Amino acid sequence: MAYLQAINLKKTFKNVTIDFSFEAEKQSFTAIVGKSGSGKSTILRLISGLEKSEGGKLFVDGNDIINFPCKDRNCTMVFQSSALFLNMTVEDNIMYGLRSMGISKKIAKQKAENYLKKFNLEGFEKRKPETLSGGEAQRVALARSLIVNPKLLLLDEPFSALDAPLRKKLANDIALLQKEYKFTAIMVTHDIQEARFLADKIIFVSKGKNVWHGNASDFDESLFDYLQK
């Protein structure tokens, strides 16, 4: 069995009925692409538990977690907007997951120091989110997500609010981080080049269904245009 196996995840919203299945190997990177309104982000929310599936199964490492609450799924999510806690400092945002798990402030702070260095955020400890640039805020969001050592990292259009040079830099950062931390990642994006650069596998979604999947190297502009018809 694949490390991650989604079988007929179901959700009806607006005029789209999601009935989605796919598999992902351990330490792989999968990109989900498709037109706006195709259900991409909802699929990610079903995997995370932020939305409750109306049916199906979701196996991670052999365990069906379809009925697990979000907090028990050992996955973290990075959103299009960083979704940082505005009343917390950068350091407290990064420590949040560890503190929620009952880890002492002293140990959480030590770990946060390492992640501040890793994400080039030294000197940002006491700053509030409103003082950060878009790229800085997304680095904090990534640090907050990875510090808890999740089984799954879910990325919902994480770069779409950023300018092109910064998008490229953060995509490269994530590629390097995955090699180092060996997490399994699922990303939603509308950017084909971004998907091909980061992902091993690509899934094209249309009206909530997996209509094409394969190696990232086999997915190009012409195929994307064809699938959108």
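Below: a short report on this structure. In this text the structure is predicted, and so the values were computed from the model without any measurement.

## Quick look at helix α2 (residues 90–100)
Step number 1: Those residues of α2 lying buried are Val90, Glu91, Asn93, Ile94, Met95, Gly97 and Leu98.
Step number 2: On its buried face, α2 is in contact with α3 (105–118) and α4 (134–146).
Step number 3: A positive backbone phi angle near 90° is found at Gly102, which sits one or two residues after α2.

## Quick notes on the pattern of salt bridges
Step number 1: Tallied over the entire structure, the rule returns 13 salt bridges.
Step number 2: Across the pair Asp19 and Lys10 runs a salt bridge whose closest N-O atoms are separated by 2.9 Å.
Step number 3: Put simply, Glu91 and Lys126 hold a salt bridge, and the shortest N to O gap is 3.0 Å. Of the two residues, Glu91 is situated in helix α2 and Lys126 in the loop between α3 and α4; the sequence distance between them amounts to 35 residues.

## Description of the sheet that holds strand β5 (residues 63–64)
Hydrogen bonds between backbone groups are what pair the strands of a sheet, and the pairing can be parallel or antiparallel.
Step number 1: Taken in spatial order, the four strands of this open sheet run β2-β1-β4-β5, and their pairing is antiparallel. The sheet is open, and its two edges are formed by β2 (16–24) and β5, each paired on a single side.
Step number 2: Judged from the two bridges that link them, strand β4 (residues 57–60) and β5 form a sheet pairing that is antiparallel. Within the sheet, the bridge partner assigned to Val60 lies in β5 and is Asn63.
Step number 3: Of the strands in this sheet, β1 (4–13), β2 and β4 touch helix α1 (residues 40–48), which is tilted by about 120° from β1.

## Comments concerning the layout of surface pockets
Step number 1: Taken as a whole, the largest pocket holds about 600 Å³ of empty space.
Step number 2: Together, 18 residues line the largest pocket, and Cys75, Thr76, Met77, Tyr96 and Gly97 are the ones closest to its centre.
Step number 3: Of all elements in the fold, only β6 (75–78), α2 and α4 reach the threshold of two or more residues within the lining of the largest pocket.
Step number 4: Here the lining of the largest pocket is composed, by residue class, of 10 nonpolar, six polar and two charged.

## Some points on the packing of α4 against helix α5 (residues 164–181)
Step number 1: The contact between α4 and α5 brings their axes to 11 Å, and the two run at 15°. The orientation of α4 relative to α5 falls into the category roughly parallel. Here the hand of the crossing between α4 and α5 comes out right-handed. Every residue of α5 that contacts α4 at Gly135, Gln138, Arg139, Leu142 and Leu146 is listed here: Leu166, Leu170, Ile174 and Leu177.
Step number 2: In the contact of α4 with α5, the residues fall into six nonpolar, two polar and one charged.

Rules used in this analysis
- Residues numbered from 1 in each chain as written.
- Predicted model: local features only at pLDDT ≥ 70, side-chain atom pairs only at ≥ 80, totals over all residues.
- Heavy atoms only, no water.
- Buried < 20%, exposed > 50% of the residue type's maximum accessible area, 1.4 Å probe, protein only.
- Helix = DSSP H or I, 4+ residues; strand = E, 2+ residues; numbered from the N terminus.
- Contact = heavy atoms within 4.5 Å.
- Salt bridge = Lys/Arg side-chain N within 4 Å of Asp/Glu carboxyl O.
- Pairing = 2+ DSSP bridges.
- Axes fitted to C-alpha atoms, helices over the stretch in contact; angles between N-to-C directions.
- 1 Å grid on protein atoms, 1.4 Å probe; cavity = no way out; pocket = protein on both sides within 12 Å on 5 of 7 lines; lining within 4 Å.
- Points joined across faces, edges and corners; volume = space filled by probe spheres on them.
- Nonpolar A, V, L, I, M, F, W, Y, C, P; charged D, E, K, R; others polar.
- Parallel < 35°, antiparallel > 145°, perpendicular 65-115°, else oblique.
- Left-handed = near helix turned anticlockwise from the far one by under 90°.

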